[in-house]
Amino acid sequence: MAAKNKQTIYYSVLVYQEWSLYIATTAKGLCYVGSQNKPFEELSHWVNRRFTNGELVHDDEKLEKYVAELVEYFQGTRKSFSIDFDFYGTPFQLAVWNALCEIPFGQTQSYSDIAYYIQKPNSIRAVGTAIGANPVLIAVPCHRVIGKNGSLTGYRGGLEMKTKLLQLENENSLTEGSKQYV
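For clarity, every value in this text was computed on a predicted model and none was experimentally measured.

Definitions and cut-offs
- Residues numbered from 1 in each chain as written.
- Predicted model: local features only at pLDDT ≥ 70, side-chain atom pairs only at ≥ 80, totals over all residues.
- Heavy atoms only, no water.
- Helix = DSSP H or I, 4+ residues; strand = E, 2+ residues; numbered from the N terminus.
- Buried < 20%, exposed > 50% of the residue type's maximum accessible area, 1.4 Å probe, protein only.
- Contact = heavy atoms within 4.5 Å.
- Salt bridge = Lys/Arg side-chain N within 4 Å of Asp/Glu carboxyl O.

A.B. asks: What is the right way to look at the environment of His143 in this model?
C.D. replies: Looking at the secondary structure, you find His143 in the loop between α5 (124-132) and β6 (145-146). Given a relative accessible area of 0%, His143 falls into the buried group. Distance in space between the C-alpha atoms of His143 and Gly158 is 9.9 Å, their sequence separation being 15 residues. What His143 contacts, discounting residues up to four positions off in sequence, is Tyr73, Ile138, Tyr155, Lys162, Leu165, Leu166 and Glu169.

Listed below in structure tokens is the structure:
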């Protein structure tokens, strides 16, 4: 049996104001956005679990367009992302992650809203699990998912990061009816 080719995953560190996070891409698109202020090991561990022949290569140039869009988001001038993604997940996870991308900037939805959107209304817990496995924080906006009662719920990047992202969107949103988090 022939050995599989190595999968190269390019990474960089995005640093903008109080934000510092690792991001990574394959040749196909953005595959990972890490948690705020977490060490390189968070990225390394994720790559080791997802790619049997993954090789991490630091390359700021390959990540420039992704960094640019994320910085525009942090500045409040970007409401949606136009970059390519390279998701690795089950068909159910992919359906959930794609549904997350449909939540408008400055708005929130509940786990049950997502379950209904993907036509799996009895899969609320599975939706939560899929959201927790989202590898592309911020650009795939799982921070916009809250509890049905309006409470902030778990987030891979931590509730402090989730709160900051929701505040940033509320401050830069012209959408009426947005929920406010302080």
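A.B. asks: Honestly, the pattern of salt bridges in this entry has me stumped. Any pointers?
C.D. replies: Pairing between side chains of opposite charge can happen when their charged atoms approach one another. One pass over the structure, following the stated rule, counts 5 salt bridges. For Glu42, the salt bridge is made with Arg156, and the minimal N-O distance between the two is 3.6 Å. Here Arg156 lies in the loop between β6 and α6 (159-171) and Glu42 lies in helix α1 (residues 40-50), a separation of 114 residues in the sequence. Linking Glu72 and Arg78 is a salt bridge whose minimum nitrogen-to-oxygen distance equals 2.8 Å. Exposure remark for Glu72: the relative accessible area of 28% places this residue in the partly exposed category. Several salt bridges converge on common partners, so that one network encompasses Glu69, Glu72 and Arg78.

So, to be careful, I would describe these as geometric facts and stop short of saying anything about function.
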